[in-house]
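Now for the letters of each chain:
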Amino acid sequence: MTPFLLNQLAACGIGLLLLLAALGVPVSRLSSGSRLIYGSCALVCSGLAAVALYALLVPGSGTAAVELPIGLPLGRTLLALDPLSAAFAIIVNLATAIVSIFAIGYGRHAAEPQRVVPFYPAFVGAMNIVLLAQDAFSFLAGWEFMSLASWALVVSEDRSAGNLKAGLVYLIMATGGAMTLLLAFGILAGPEGAYSFDTMRQTAAAGPAAIVLALALIGAGSKAGLVPLHAWLPLAHPAAPSHASALMSGVMTKVAVYGFIRIVFDLAGPPSWWWSIPVLIVAGITALLGVLHALMEHDLKRLLAYHTVENIGIIFIGLGLALAFEAGGLPVAAALALIAAIFHVFNHSLFKSLLFLGAGAVLNATGERDMERLGGLIHRMPVTAFAFLVGCIAISALPPFNGFVSEWLTFQAILLSPQLPQWIPRLLVPAIGATLACSAALAAACFVKAFGSTFLGRARAAAANTAVETDRWSLGAMLLLAALCLGAGILPGFAIDSLAGVSESLVGAQLAAQSSQPWLRIAPIDPVRSAYNGMLVFAMIVAAAVLTAIVVRRFASHGLRRSPAWDCGFPEASPVAQYSSSSFAQPIRRVFGSVVFRAREHVTMPKPGDTGLARLQLELHDIAWDALYDPVIRFVNVAADRLNAFQFLTIRKYLMLVFAALVLLLVIIGAWR
Amino acid sequence: MIRGWHTQLAQIVLVLLLAPLLSGVTRKIKSRLLRRRGTSVFQPYRDLLKLIRKEAVVAENSSWLFRTAPYIVFATTWLAAALVPTFATGLTFSAAADVIVIVALLGTARFFLALAGLDVGTSFGGIGSSREMMFASLAEPAMLLVVFTVALFAGSTQLSSISAHMTGPGVGLNISLALALIALIIVSIAENARVPVDNPATHLELTMVHEAMILEYSGRHLAVIEAAASMKLLLYVSLIACIFTPWGTTVAGSGAVAYAIGLGSYLLKLAAFGFMLVVFETAIAKMRVFRVPEFLSVALMLGLLGVILLFISRVPQ
Amino acid sequence: MTPLDTDIAHLLAGSMVLVSFLLLYQDRMFALLNIFAVHAWVLAFSVAWQAHLQQAPHLFITALIALVFKGVFIPVALHRIVVRLGIHRSIESVVSVGPTMLFGMALVALSIVVMLPVTEAAGAFVREDLAFALSIVLLGLLMMVTRRNAVGQVIGFMSLENGLVLAATGARGMPLVVEISVAFSVLIAFIIIGIFLFRIRERFDSVDVRALDMSRGESP
């Protein structure tokens, strides 16, 4: 396949997605219209993923860009699949294809499909435009298009006041983010205004690269959910229909990560040694705060959204390490850290999509997102429970699943930090390693809570007692994602090897080929130093468990008696008295809470002798929200009130305003000269 | 290679057989220190056999997870224990899993045990799971920081390489290693539900953590979980022995005499550490639950301090 | 010096940092005094070991001073004062233990970052000794800043001073005269602060330094 044809195919795929979006408007009113659109989305996305995989595996096959005669008058739209674009295109399209399969079943339950169906393919197409764009204009156009389409999905289902507020916050954050990216590209483009990436790489930037880093961190970070710009995620992601939530949380945040990598690693030139420091600090705080907030949530989808913040932190830890190593002249270590980050991007897109789909299935079956009203669903929805459990294990970074492998790689990169030439990163990196370890342990607690209070125990409300298993399409999609989680966990060598082209093009080095390692193990630096064999670990766990089960079956008593729960002799009859998700998180809240959330408990006790109820009120704060968002919101409100007056002026006054503006501009020009 | 396999196999069987004995010995010593006669050191084996012969009573609303979790817990703990070199280094699986994997495998076991505690929907199970995960959220990072210290010191995360480096030249008294050792001991105490964090012998429900979590188990399931718990204790003792007292350990493939020495010195170390553990346990009272996070955060701090101070004396590999 | 010699010196100096952290962690009065005694003992051993290594007999006197005055006399005296004045047995901190300890870690990292590059030329041992000493000084200061209680602040000050002595012995030994004067100045400071405590006790019925702020007309 010639390179030209490959990119042509990818561009056609995007065109098809946009066509589907247009088609979605009339078709979605038909009875099986949504299935048609989602099914076609699944097909087109798998095609795009296949094309991207080919571009990634065959070096040089996707570099020659396709030029489309649309765009700014000065330039044309350039689309190409270079290794970085191809890697992210695989990640995005693979997850999207599977989520679309889920949507085939899930979409049937939508009350107003015409509010969701047209925007879904548009959203997917926009993400692909961002990934394939090779010039700043189409990148930004795709970025904005992506934001708008996803905003439409956020406000599609629930039009309560809270949800509209979520949509508004999201829109403001998205515009702000796009604005900073625009400025970043403006600086990178240089005085000549070279907007294609190729020329940007060659021309010197118009401003200091530090500003580019800051702008990229804010612009991409606000989309990805870096603290303190994360506060919109837990509002907006859960508000959308579950398949769209899965895309926003599992996939769109990855497009933001792509934007950061593209700007900082590719376009901004060689990094200075201190660049890694802000990135690492922000990433470490993000990882820790994200998981702590997730632990405090009892809304299943909000919990997942907050947990995305944690994973974005982990990914940015990897990226920060890569920056540090690249600046320190250690390209192989930089390649390791970068590959760890991108592999985690891939893994997170799988298990976060899986978990959101599981939450969607639960929501569909019970109408509940609140974990305090769920419970015992493992009996009524066994397959969903199994798939969700796999997702929980994978996201908690437990072997033999995929989340563990990428964190293991990150730890290996952290352990290379003494080779760094500067003292500050050398000492900072182990401290970041400690936060990473802490957030990994807290993630396990978080998902014990999520799975335990949703699927285990007894049903806390009637809705959970009458749930039925979801449809086959949805189950198939979830099981497929679960299988991929396991597959990526036990065969990580293939993923690492296929990312070699990415690290070669960005940091100028690649890891030793893992396919040459015996027994499918991975050894990123040196087998004597560290190695991991997911396949063997998986096989050993299965073998040991089966062996134990056989031995116990053979020699143990076979008697099994079902009886009421023991519970030290005093089982409570009411399922409401079970350990709830808040009580599960209470010890951790007591340990971390007073500092991190400024948690306050108010206990109102009735007077002695009074038989009234005692009340326990709990107050939690998101520090970022209080410190950053509230002032901004207040300012915007006040400013909007003031500006409101401008809507009711006479024509003469409007003319006067225009005139004044004109005169002012002329004065400025005059003074400038 | 073949020798490596033999040694690995021997190790897998050895940890399985030895684990209850270690529990029995510590119980015996503890009884003697408390001026009781105590049960035989082989009592844990008898307990396991007794449990296995009994019928299993399962709560009415328990799910498949409740009945599979014991086996998963046992399998992951067993695998983790088999990966720590006991009497010989250079095991075949050393190349498959380093010490970070061992920590994570124990995390998998804990994850399933905590889920099993929540499965029946009783309050004791919930309290146990919740507290266990709270302890783990501090103990696991502390453990990983110990791993960082040792790995940065030895330039490897593989226990065989670390052990070899520790016996080699150029390793003297080092403040970081001392801090790491203290932190590792604290983590071991917490992870194995020993006094002062938890009491393995308690029957007062509100003070239990680990026992509360497995309260609903009985019969063969309980036997499997108990076996896993004793294996975890053996694992931690072996880990301390392997990293901090690597003397006498042989390398897979050396002669019979070396094996005998390795095995003998390993048993000696087990006995010594078991004795020290019991002395410490008898000398101290159990903490309140919310003192435990402070106790564990000491381990976390020591681990972090260990990593930082590592940079003072020498720049590690 | 054999490797074992330097290892022992390294271990003793490192233990002082550890004991400084224990001081920072401890919130009970008598335990704090005991730990301070341990701090002084470790210092004494460290100085004595230096004396042995450097063949400098006058350093043994320094070690003896540390042992007798700071390791025995001052803790015992403070213990008596606390008992006699009936000072509250737990020490209030301005900031809770966790963040204080984390900040302490950052200070240790900072002293490494500051010290190691500027002492490239010096011998390996002097470098690490100075880095340890600076950490101890900073931790002592941190303790003085975060403790409300006057006794806690006194201990913080003296642990800071121990750090200075460690630095002085590590850097090729300090003349004995200076050492004695340092010890005396500490003793005098201790006496003054001791009297000060009595004064506070008479006038404000507390040894909480917030009481002093109030007398200046500031709000607590």
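None of the values given here were measured: they were computed from a predicted structure.

1. A few points about the overall build of chain B
A tally of helices and strands in chain B yields 11 helices and three strands. Reading the secondary structure of chain B in the N-to-C direction produces α-α-β-α-β-α-α-α-α-α-α-β-α-α. A compact globule built from 317 residues would reach a C-alpha radius of gyration of about 20 Å, and chain B, at 19 Å, matches this within 12%. The C-alpha extent of chain B, read off along each of the three principal axes, is 60 × 45 × 40 Å.

2. Brief notes about the overall build of chain C
A tally of regular secondary structure across chain C gives eight helices and zero strands. When the helices and strands of chain C are listed from N to C terminus, the series reads α-α-α-α-α-α-α-α. Of all 220 residues assigned to chain C, the portion counted as buried reaches 42%. Across chain C, contacts joining residues at least 24 apart in sequence account for 71% of those joining residues at least 6 apart.

3. Details of helix α19 (residues 472-490) of chain A
All names here are of chain A. The terminal C-alpha atoms of α19, which comprises 19 residues, lie 27 Å apart, in line with the 27 Å expected from a rise of 1.5 Å per residue. Considered for burial, the residues of α19 that qualify are Trp-473, Ser-474, Leu-475, Ala-477, Met-478, Leu-481, Ala-482, Leu-484, Cys-485, Ala-488, Gly-489 and Ile-490. Buried residues along α19 sit against α3 (83-106), α13 (331-366), α15 (382-395), α16 (402-414), α20 (492-498) and α22 (534-555).

4. Digging into the interface of chain A and chain B
Many descriptions give the size of an interface as the accessible area lost when the pieces come together. On the side of chain B, 75 residues touch chain A, which itself brings 74 residues to the contact. Listing elements by their share of the side of chain A that touches chain B, those giving two or more residues are α14 (377-380), α16, α17 (423-455), α22, β3 (560-563) and α23 (581-596) of chain A. Ranked by residues supplied to the side of chain A that touches chain B, first place goes to α17 of chain A with 15 residues. As judged from the four bridges shared by β3 of chain A and strand β1 (residues 56-59) of chain B, these two strands associate in the parallel manner. Within the sheet, the bridge partner assigned to Arg-562 of chain A lies in β1 of chain B and is Val-58 of chain B.

5. What to know about unusual backbone geometry
Residue and element names in this part refer to chain A. Residue Pro-228 is reached from Val-227 by a cis peptide bond, and omega for that bond is 5°. In this structure, Pro-228 sits in the loop between α8 (209-224) and α9 (233-239). Here the bond from Pro-399 into Pro-400 is cis, since omega is 5°, no more than 30 degrees from zero.

6. Some details on the environment of Ala-110 of chain A
Residues and elements named next belong to chain A. Along the chain, Ala-110 falls in the loop between α3 and α4 (119-132). Ala-110 gets classed as partly exposed once you count the C-beta atoms within 10 Å, which come to 18. Note: C-alpha distance between Ala-110 and Gln-422 (312 residues apart in sequence) is 56 Å. Residues within four places of Ala-110 in sequence aside, it is in contact with Ser-34, Val-116 and Pro-241.

7. Comments concerning helix α21 (residues 500-507) of chain A
Residue and element names in this part refer to chain A. In terms of burial, α21 is largely enclosed, as six of its eight residues are buried. Along α21, the positions that sit buried rather than exposed are Ala-500, Gly-501, Val-502, Ser-503, Leu-506 and Val-507. Against the buried residues of α21 lie α2 (33-57), α3, α10 (242-267), α12 (300-327), α13 and α20. Trailing α21 by a residue or two, Gly-508 shows a phi angle of about 75°, which is positive.

8. Side note on the environment of Met-248 of chain A
Residues and elements named next belong to chain A. In this structure, Met-248 sits in helix α10. On the basis of neighbour counts, which here come to 26 C-beta atoms within 10 Å, the residue Met-248 falls in the buried class. As for Met-248 and Val-154, which are separated by 94 residues in sequence, their C-alpha atoms are 9.5 Å apart. Sequence-distant contacts of Met-248, that is, excluding residues within four places in its chain, are made with Ser-150, His-237 and Ala-240.

9. Quick word on the confidence of the model for chain C
Confidence in the prediction of chain C, expressed as mean pLDDT, is 77, and 74% of residues score 70 or more. The least confident element of chain C is helix α8 (residues 210-215) of chain C, whose mean pLDDT is 57; the most confident is helix α2 (residues 29-54) of chain C, at 90.

10. Digging into the packing of helix α1 (residues 3-25) of chain C against helix α6 (residues 150-170) of chain C
Working note: a packed helix pair is described by the angle between its axes plus the distance between those axes. All names here are of chain C. In the contact formed by α1 and α6, the axes pass within 11 Å of each other and the chain directions differ by 170°. One element, α1, and the other, α6, form an angle in the roughly antiparallel class. Taking contact as the criterion, the partners of Ala-13, Met-16, Ser-20 and Leu-23 in α1 are, on α6, Ile-155, Ser-159 and Leu-166. Each residue belonging to the contact of α1 with α6 can be placed in one class, and the counts come to five nonpolar, two polar and no charged.

11. Re the packing of α16 of chain A against α19 of chain A
All names here are of chain A. One can describe the packing of α16 onto α19 by two numbers: an axis separation of 7 Å at closest approach and a directional angle of 35°. Counting all contacts with α16, which are made through Asn-402, Phe-404 and Val-405, the residues of α19 involved are Cys-485, Ala-488 and Gly-489. Its residues placed into classes, the contact of α16 with α19 shows four nonpolar, two polar and no charged.

12. So, the environment of Tyr-654 of chain A
Mapped onto the secondary structure, Tyr-654 of chain A falls in helix α25 (residues 651-672). Put simply, Tyr-654 of chain A and Arg-553 of chain A are 101 residues apart on the chain and 88 Å apart in space, counted from C-alpha to C-alpha.

Conventions adopted
- Residues numbered from 1 in each chain as written.
- Chains lettered and ligands numbered in written order.
- Predicted model: local features only at pLDDT ≥ 70, side-chain atom pairs only at ≥ 80, totals over all residues.
- Helix = DSSP H or I, 4+ residues; strand = E, 2+ residues; numbered from the N terminus.
- Rg over C-alpha atoms; globule rule 2.2 N^0.38 Å.
- Buried ≥ 20, exposed ≤ 12 C-beta atoms within 10 Å, placed from the backbone.
- Contact = placed C-beta atoms within 7 Å.
- Expected span 1.5 Å × (residues − 1).
- Pairing = 2+ DSSP bridges.
- pLDDT = per-residue confidence, 0-100.
- Axes fitted to C-alpha atoms, helices over the stretch in contact; angles between N-to-C directions.
- Parallel < 35°, antiparallel > 145°, perpendicular 65-115°, else oblique.
- Nonpolar A, V, L, I, M, F, W, Y, C, P; charged D, E, K, R; others polar.

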